Each structure stands twice: as C-alpha cells, then as structure tokens.
Amino acid sequence: VPLQASERGLVQAGGSLRHSCAASLRTFSGYNMGWFRQAPGKDREFVGYMPSSGGLTRYADSVKGRFAISRDNAKNTVSLQMNSLKPEDTAVYYCAAGQGVDHARLVRSDGYYYWGQGTLVTVSS
C-alpha cells in the first residue's frame, strides 16, 4: 500500500488532532501531497496540498487558518494538524500523492495517483 494512514480519531469541538500518513513511495520528495475529506452523504472535497517543491501550501477556505500540512521527506510522512475542530469537520480523511504543477488539478481528486485508505475523524459537539 503506497500510503498508510494513522488510526481514526475522536475529539470534542474546539479540540485538536494530528493525522499522519506514511508513504512507501520510492521518491516521496518528488510528490505533491494532498489531503481530501468526505463527510457522510457528501462528495469528496479538497482540504489542502503541499507541493513537492516546498512552495506555497494551499488550503480550502473552510480550513484555512485552522489546519496545517507538514511533511518529513526523510521519514516519508505527511501530516495534517487540525486545530479548532468543528462538528462539520467530521469526515473520512484521505491523504494522496501526485505529481505536476497545475494548481487547478491539484485541488481535485484527479490530480493524484495514490491514495491512503481513509480514516474517520469524528468531532463531537
């Protein structure tokens, strides 16, 4: 499995959670790493991505200022730090790996080749 996500998380509203993904990709540093989520009954949506170049990390407006993506190329891991969580953040979260420099594509699912199995994050009110 190219991407292996951490265990599911349960947290109260206002709390924080760190979700990680370990990659078995040979050239991890050459991949853009993205995060998506899918809430019950809704389509999968973009959360954020960190480009392979180490350039500007992009976030969806709904999480900007609350979530932060980081990566450790030496350990082949990418993490999503989630702060000030809200009940509407409840979803299955997916990490993904892709290549290319087209921002318009990197905010969509089709911009990524490899996907983690998805992990449920539940935020209680």
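Described in the following lines is the structure provided in the data block. Treat the numbers as computed from the prediction; the structure is a model and nothing was measured.

1. With respect to the pattern of salt bridges
Counted by the stated rule, this structure contains 5 salt bridges. Where Glu45 meets Arg37, a salt bridge forms, and the shortest distance between an N and an O atom there is 2.6 Å. Note that Asp89 and Arg66 form a salt bridge whose closest N and O atoms lie 2.8 Å from each other. Of the two residues, Asp89 sits in the loop between β8 (77–82) and β9 (91–98) while Arg66 sits in the loop between β6 (58–59) and β7 (67–72), which places them 23 residues apart along the sequence. Arg66 carries the same exposure label as Asp89, and that label is buried. Residues participating in the shared-partner salt-bridge network are Arg37, Glu45, Arg66 and Asp89.

2. Things to note about the nonpolar core
Of all hydrophobic cores here, the largest spans 33 residues; its most connected members are Leu3, Trp35, Phe67, Leu80, Met82 and Tyr93. Residue assignment for this core shows that the elements contributing at least two residues are β3 (17–23), β4 (32–38), β5 (44–50), β7, β8, β9 and β11 (119–124). By residue number, the principal contributor to this core is β9, which donates 5 residues.

3. Some points on the environment of Leu80
Within the fold, Leu80 resides in strand β8. Between the alpha carbons of Leu80 and Tyr93 there is a distance of 9.7 Å; along the sequence they are 13 residues apart. Here Leu80 is in contact with Leu17, Arg18, His19, Trp35, Val47, Phe67, Ala68, Ile69 and Tyr93, once residues within four sequence places are set aside.

4. Notes on unusual backbone geometry
Trans is the prevailing form of peptide bonds, just as negative phi is the prevailing case for residues other than glycine. The backbone of Asn76 sits at a positive phi, close to 55°, despite the residue not being glycine. Among the structural elements, Asn76 can be located in the loop between β7 and β8. For Asn76, a relative accessible area of 19% gives the class buried. At Ser84, a position not held by glycine, the phi torsion is positive, near 50°. Residue classification places Ser84 among the partly exposed positions, given a relative accessible area of 42%.

Reading guide: rules and limits
- Residues numbered from 1 in each chain as written.
- Predicted model: local features only at pLDDT ≥ 70, side-chain atom pairs only at ≥ 80, totals over all residues.
- Heavy atoms only, no water.
- Salt bridge = Lys/Arg side-chain N within 4 Å of Asp/Glu carboxyl O.
- Helix = DSSP H or I, 4+ residues; strand = E, 2+ residues; numbered from the N terminus.
- Buried < 20%, exposed > 50% of the residue type's maximum accessible area, 1.4 Å probe, protein only.
- Core = buried A, V, L, I, M, F, W, Y, C linked by side-chain atoms within 4.5 Å.
- Contact = heavy atoms within 4.5 Å.

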